[in-house]
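# Structural description and commentary
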Amino acid sequence: MLTRRSAFASLACLAAAVALPAAALAQAPAQPAASSAKPATADPAALLTRLYKAAAKDNAGGAFVNNAKERGKYLSKSLAALWTKAEAKVPQGEIGPIDFDPVSNSQDPDIKSFVIKTESQDDARATLAVALIGSQSRKVAADGVIRYELVRDGTSWRIDDIRGSVDGQAWSVRQMLEASLKN
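Residues numbered from 1 in each chain as written. Predicted model: local features only at pLDDT ≥ 70, side-chain atom pairs only at ≥ 80, totals over all residues. Heavy atoms only, no water.

## Considering the pairing of strand β5 (residues 169–172)
By the bridge criterion, four bridges tie strand β4 (residues 156–166) to β5 in an arrangement that is antiparallel. Counted as the bridge partner of V166 is Q169 from β5. Counted along the chain from β4 to the antiparallel partner β5, the turn is two residues long, and its residue D167 has a positive phi close to 50°. (Pairing = 2+ DSSP bridges. Helix = DSSP H or I, 4+ residues; strand = E, 2+ residues; numbered from the N terminus.)

If you want it as structure tokens, here you go:
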């Protein structure tokens, strides 16, 4: 329960939550963002902006990854196939190999706003970082930054990996899916 005494502390934590992911993102090497003159399908940031606007609005995070049909709209063919293969190996009623929401890096999505920064991009590949701002601050500022490896599929960009960290320990969706197939 929020009391008057804790309200000030909550506001201070919120200010820190906004500053820490932005500071972590600012430390990442960057290249200029893609030109805004390109159509949205030619801009990898447009894909992530669409996902994160929906996630911030509904606190749904990466709900699209739980539906194989939806995955095909956002993930590269190889990542979607890997995810489907890894899930097929999971016994009925068990939790799949990705037991958290990678879009929000949490069990319970809490995205109030976000900042997307292009770290690198060429004609075929791009790496973008998304700094998340939620109502709760993270213990480790770097945990509030999610990195996306994207590949071009015709005129569209698709997610080929999602990477982040928990308590400073790195994770990769692709690596977790591959590891689950070895067990």
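## Structural notes on the confidence of the model for the protein chain
Per-residue confidence for the protein chain averages 78 on the pLDDT scale, and 75% of its residues sit at or above 70. Within the protein chain, helix α1 (residues 4–26) has the poorest average pLDDT of any element, 40, and β5 the best, 96. Within the model, pLDDT remains below 50 along residues 1–20, and this stretch shows 14 contacts once partners closer than five positions in the same chain are excluded. (pLDDT = per-residue confidence, 0-100. Contact = heavy atoms within 4.5 Å.)

## Focus: the packing of aromatic side chains
For the coordinates displayed, the defined rule picks out three aromatic pairs. Ring geometry for Y52 and F114: centres 5.5 Å apart, planes at 40°, overall tilted. Separated by 62 residues along the polypeptide, Y52 in helix α2 (residues 44–58) and F114 in strand β1 (residues 113–121) bring together distant segments of the chain. With a centroid separation of 5.0 Å and 75° between ring planes, the pair formed by F100 and W171 is classed as edge-to-face. You can see F100 sitting in the loop between α4 (77–88) and β1 and its partner W171 sitting in strand β5, a full 71 residues away along the chain. An aromatic cluster of at least three residues, connected via ring pairs, comprises Y52, F114 and Y148. (Phe/Tyr/Trp six-rings, centres within 6.5 Å; stacked < 30°, edge-to-face > 60°.)

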